[in-house]
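What follows is the residue order along each chain.
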Amino acid sequence: MTEYAFTDKFLTINVGDSVVWHNAGSFTHSTTANATDPMTWDYTVAPGANSPAVQFTTAGVYNYICKFHIADNMWGRITVQPIVPEFSSSIVAVTGMLAIAVGLMIAGRRK
Ligand SMILES: [Cu+2]
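Everything numeric here is computed off the predicted structure, so don't read it as measured data.

Trainee: Please clarify how the overall build of the protein should be interpreted in this entry.
Mentor: The helix and strand inventory of the protein stands at 1 helix and 7 strands. Starting at the N terminus and walking to the C terminus, you meet the elements of the protein as β-β-β-β-β-β-β-α. Every one of the 111 residues in the protein was classed for burial, and the buried ones make up 15%. Counting only contacts in the protein whose residues sit at least 6 apart along the sequence, the fraction spanning at least 24 positions is 53%.

This is the structure we're talking about:
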């Protein structure tokens, strides 16, 4: 975070990853989650300091703000991607093959 901005404003991570905010500006800022999200945090970060680490254990999209400078449009977004287990990709592959089989059947009827 710097004056009135989070960098990167849009951050994509995986479930289990942690995020630390560093205040590279000369004013105090905060990283404050939306209170209705599945995970919440609210840390005030002094100039030159780091926030505590926030570990994201639930996939989803988290919008957060600096509560001191929301009027200056100081917000960011973290997208937490689920870790896809092996069996899920197998299901996708099977579904894809079924779709191809249905397509062949339809093509066959048109002859
Ligand atoms: Cu701020």
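Trainee: Where do I start with the pairing of strand β6 (residues 60–65) in this structure?
Mentor: One face of the sheet, then the other: side chains in a regular strand alternate in exactly this way. Where strand β3 (residues 29–33) meets β6, 2 bridges bridge the pair, whose relative direction is antiparallel. Looking across to β6, one finds that Ala33 is bridged to Tyr64. In this structure, β6 lies alongside strand β7 (residues 75–81), joined through 6 bridges in antiparallel fashion. The residue bridging Gly60 from the neighbouring strand is Val80, located in β7.

Trainee: Where do I start with the sheet that holds strand β1 (residues 10–14) in this structure?
Mentor: By way of backbone hydrogen bonds, the strands of a sheet pair with one another, either parallel or antiparallel. Taken in spatial order, the 5 strands make up an open sheet running β1-β7-β6-β3-β4, and their pairing is mixed. Edge positions in the sheet fall to β1 and β4 (42–45), since each has one partner strand and no second. Direction aside, neighbouring strands of the sheet carry axes that sit 20 degrees apart on average.

Trainee: Explanation requested: unusual backbone geometry in the structure shown.
Mentor: Glycine aside, the phi torsion of most residues is negative, and most peptide linkages are trans. Looking along the chain, the bond that leaves Thr7 and enters Asp8 is cis, with omega of 0 degrees. Residue position: Asp8 is located in the segment before β1. With a phi close to 65 degrees, Tyr4 is a non-glycine residue in the positive phi region. Of note in this structure, Asn73 is not a glycine but carries a positive phi near 65 degrees. Relative to the helices and strands, Asn73 is located in the loop between β6 and β7. Taking the C-beta count within 10 Å as the criterion, Asn73 has 10 such neighbours and is therefore assigned exposed.

Trainee: Even after reading the chapter, I still don't get the pairing of β3, so can you show me in this structure?
Mentor: With 4 bridges connecting them, β3 and β4 associate as antiparallel partners. Note on β4: the bridge partner recorded for Ser30 is Thr44.

Trainee: I keep staring at the environment of Ile78 and nothing clicks. Help me out?
Mentor: With respect to the secondary-structure elements, Ile78 resides in strand β7. Exposure remark for Ile78: the 22 C-beta atoms within 10 Å place this residue in the buried category. Separated by 70 residues in the primary sequence, Ile78 and Asp8 place their C-alpha atoms 9.2 Å from one another. With residues near it in sequence (within four places) discarded, Ile78 still touches Leu11, Ile13, Val19, Phe56 and Tyr62.

Trainee: What am I meant to see in the confidence of the model for the protein here?
Mentor: Parts of the prediction with low pLDDT should not have their coordinates interpreted in detail. Mean pLDDT over the protein stands at 83; residues scoring 70 or higher make up 76%. Predicted confidence for residues 95–108 stays below pLDDT 50, and this span has 0 contacts to residues more than four positions away or in other chains.

Calculation rules
- Residues numbered from 1 in each chain as written.
- Predicted model: local features only at pLDDT ≥ 70, side-chain atom pairs only at ≥ 80, totals over all residues.
- Helix = DSSP H or I, 4+ residues; strand = E, 2+ residues; numbered from the N terminus.
- Buried ≥ 20, exposed ≤ 12 C-beta atoms within 10 Å, placed from the backbone.
- Contact = placed C-beta atoms within 7 Å.
- Pairing = 2+ DSSP bridges.
- Axes fitted to C-alpha atoms, helices over the stretch in contact; angles between N-to-C directions.
- pLDDT = per-residue confidence, 0-100.

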